[in-house]
Amino acid sequence: MILFVILAYSTKLIHGNQNISYNNLANLVSQLNLINKEKPEIKVLNSLVNEIINKYLNNCHINIIYDDLFDTDLYYKDVLQIMLKSFDSISYKVFHIYEYSSKNTIVSEPSCVNYIIFCQDPEITATKFGHTVDSRVFIVTIGSKWQIQEFFKSQASQNIMNLLIASAGSALQEKNKNEVADIKLYTHEMYIDGLGSSVQIILTTWKLNKFTRPEVNLYPVKLVNGFRGHRFILSAIEKPPLVFRSIDKILTQEQSTLWDGIEIRLLQLIAGILNFTLEIHDATLSKSRDEADDRIIRDLVTSKAELGISGLYMTNARYSMVDFSPVIMQDCGTFMSLGSFALSKNKKQLNITF
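Starting afresh in each chain, residues are numbered from 1 along the sequence in its written order. Only residues with pLDDT of 70 or above have their local features reported here, since the model is predicted, and side-chain atom pairs are shown and tallied only from 80 upward, although totals for entire chains, interfaces and linings are computed over all residues. Excluded from the side-chain calculation are hydrogens and water; included are all heavy atoms of the structure.

1. Topic: the overall build of the protein chain
Thinking step 1. Looking only at helices and strands, one finds 12 helices and 16 strands in the protein chain.
Thinking step 2. Relative to its 354 residues, the protein chain shows a buried fraction of 42%.
Thinking step 3. Pairs of residues are marked as contacts when any of their non-hydrogen atoms sit within 4.5 Å. Across the protein chain, contacts joining residues at least 24 apart in sequence account for 62% of those joining residues at least 6 apart.
Thinking step 4. Residue-level accessible areas treat just the shown protein chains as cover; the underlying method is Shrake-Rupley with a 1.4 Å probe. Accessible surface computed for the protein chain: about 20600 Å², of which carbon and sulfur atoms make up 54%. Here a helix means four or more residues in a row that DSSP labels H or I, a strand means two or more in a row labelled E, and each is numbered from the N terminus. With a 1.4 Å probe rolled over the protein chains alone, any residue whose accessible area is under 20% of its type maximum counts as buried; one over 50% counts as exposed, and the rest are partly exposed.

See the structure below:
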């Protein structure tokens, strides 16, 4: 009876207005939630996502991010909407993938944030995150096994420490809707060798609305063995007492430059604990004669170095380009001017990081 009423109503619309297309009719049916909400594969995925949220993610605010597929495709758009309607007990905000950047939104976000990403290819998240260490990221993708495997091998996945991926493609695309395919859940093992390689590992499978290995922690501790001797390139500029060079005449000419300073020694202590080595280079010179600190920022942006130290001041412009360590020192300065309001006469606090 309900289907008959819809068809009768839609027929009247089509005869009354020739501009209404079949797509508009499909959108009308979708908005009424009379088709997709009862599909078993959506129920299975919805139960998995809510299980992950309740067990691992609901202790923080959640940013939910989706790509074009879940925005334009009628079926996947419905999948996302049904998911969102079930999130009635958590704090969350929804973003389109091209509208979101962790660098631009982190100032206005709560201090504790987790992420759920609905996407076709997990590689699309590569430019959206800095080095996410504390946050937990849960990616629901319909990408192929090959796409997931390649993503785990990429540098982008290494930037996300607590990463969990659900391979939902088979479940949502299965032709036989009477039996919903199992959903496999993966994470990665980071820095398995000195080259910095990462590999994917399967944690468990969501089958018949439960985990096949319920005892497994889906967000295990990473880097238990540190970085396994991986070498990081460090861009540095002298700024005593934080960073400076000393000349040792006893050593050979190739080894005659020794780096020292508060930040150098602090990094050496961290390197000993986390099992990595440092190769220190002078920051690259530029024709534009930028400030010394900006030379280090450029080395990081252009991937000429992975770390940079020189008592860098954290500014809004720099923060939007690179990731900073926690603040290790604070400095205050007083700006004075003669009859001018161009500069503030108040003290300004500047944060110094690596």
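So, next bit.
2. As for a nonpolar patch on the surface
Thinking step 1. Surface patches are drawn from residues lacking salt bridges whose relative accessible area is over 30%; two like charges belong together within 9 Å, two nonpolar side chains (Val, Leu, Ile, Met, Phe, Trp, Tyr) within 5 Å. We define a salt bridge as a contact between a side-chain nitrogen of Lys or Arg and a carboxyl oxygen of Asp or Glu at a distance within 4 Å. A contiguous nonpolar surface patch, about 410 Å² in accessible area, is contributed by Ile262, Leu266, Leu269, Ile328 and Met329.
Thinking step 2. If one sorts the elements of the nonpolar patch by residue count, helix α10 (residues 262-274) sits on top with three residues.
Thinking step 3. With respect to the secondary-structure elements, Leu266 resides in helix α10.
Thinking step 4. By relative accessible area, which is 30% here, Leu266 ends up partly exposed.

3. Side note on the pattern of salt bridges
Thinking step 1. Within the structure shown, the criterion is met by seven salt bridges.
Thinking step 2. Asp293 is the partner of Lys239 in a salt bridge, and the nearest nitrogen-oxygen pair spans 3.3 Å. You can see Lys239 sitting in the loop between β9 (230-236) and β10 (244-247) and its partner Asp293 sitting in helix α11 (residues 292-301), a full 54 residues away along the chain.
Thinking step 3. For Lys239, a relative accessible area of 26% gives the class partly exposed.
Thinking step 4. Salt bridges here are not isolated pairs; linked through shared partners, they connect Lys239, Asp293, Asp294 and Arg318.

4. Here we look at α11
Thinking step 1. If you check which residues of α11 are buried, you get Asp293, Arg295, Ile296, Ile297, Asp299 and Leu300.
Thinking step 2. Its buried side turned inward, α11 meets β9, β12 (276-282), β13 (307-309), β14 (312-313) and α12 (316-319).
Thinking step 3. Ser303 sits one or two positions beyond α11 and adopts a positive phi of about 65°.

5. Some remarks on the state of the cysteines
Thinking step 1. By disulfide we mean two sulfur atoms from cysteines, separated by a distance within 2.5 Å. The tally for this structure, following the rule as stated, stands at one disulfide.
Thinking step 2. Residue pairing for Cys60: its cysteine sulfur links by disulfide to Cys112, the two sulfurs lying 1.5 Å apart. With Cys60 in the loop between α3 (40-57) and β1 (61-66) and Cys112 in the loop between α6 (102-105) and β3 (113-119), this pair connects stretches of sequence that are 52 residues apart.
Thinking step 3. For Cys112, a relative accessible area of 30% puts it in the partly exposed group.

6. Description of the environment of Val49
Thinking step 1. Turning to its location among the elements, Val49 is positioned in helix α3.
Thinking step 2. The spatial distance from the C-alpha of Val49 to the C-alpha of Ile116 is 9.0 Å, given a sequence separation of 67 residues.
Thinking step 3. Contacts of Val49, omitting those with residues within four sequence positions, involve Met83, Phe87, Ile116, Phe138 and Val140.

7. Remarks on the packing of aromatic side chains
Thinking step 1. Working definition: a ring pair exists when centres of Phe, Tyr or Trp rings (six-membered ring for Trp) sit within 6.5 Å. Plane angles under 30 degrees give stacked, over 60 give edge-to-face, the rest tilted. For the structure on display, the rule yields 14 aromatic pairs.
Thinking step 2. Ring geometry for Phe70 against Phe118: centres 5.7 Å apart, planes inclined by 55°, an arrangement best described as tilted. Taken together, the residues span a long stretch of sequence, with Phe70 in helix α4 (residues 69-72) and Phe118 in strand β3 at a distance of 48 residues. For the pair Phe70 and Phe118, a shared accessibility class is recorded, and that class is buried.

8. Digging into unusual backbone geometry
Thinking step 1. Cis rather than trans, the peptide bond between Pro240 and Pro241 has omega equal to 0°.
Thinking step 2. Here Pro241 is to be found in the loop between β9 and β10.
Thinking step 3. For Asn209, which is not glycine, the phi dihedral falls at a positive 60°.
Thinking step 4. Of note in the backbone geometry, Asn275 takes a positive phi value of approximately 60° without being a glycine.
Thinking step 5. Asn275 gets classed as partly exposed once you look at its relative accessible area, which sits at 37%.

9. Structural notes on the sheet that holds β13
Thinking step 1. Strands were regarded as paired on the criterion that DSSP finds at least two bridges between them. Spatial strand order, β12-β9-β13: three strands in an open sheet with parallel pairing. The strands lining the two open edges of the sheet, one partner per strand, are β12 and β13. With direction set aside, neighbouring strand axes in the sheet form an average angle of 35°.
Thinking step 2. Note that β9 and β13 share three bridges and pair parallel. Within β13, the position partnered with Leu234 by the bridge is Leu307.
Thinking step 3. This element, α10, spans β9, β12 and β13 of the sheet and lies at about 150° to β12.
Thinking step 4. Its contacts with the sheet put α11 on β9, β12 and β13, and the angle it makes with β13 is roughly 175°. Angles shown run from 0 to 180 degrees and are taken between the N-to-C directions of axes, each axis being a line fitted to C-alpha atoms and, for helices, limited to the stretch in contact.

10. Some remarks on the environment of Asp293
Thinking step 1. Take Asp293: its relative accessible area is 7%, and that puts it in the buried class.
Thinking step 2. With 15 residues separating them along the chain, Asp293 and Gly308 place their C-alpha atoms 9.2 Å apart.
Thinking step 3. Those residues in contact with Asp293 that lie beyond four places of it in its chain are Lys239, Ser310, Leu312, Tyr313 and Arg318.
Thinking step 4. In this structure the side chain of Asp293 is engaged in a polar contact, spanning 3.3 Å, whose partner is the side chain of Lys239. Here a polar contact means two N or O atoms within 3.5 Å. Within protein one must be a hydrogen donor candidate and the other an acceptor candidate, and residues neighboring in sequence count only if both atoms are side-chain atoms.

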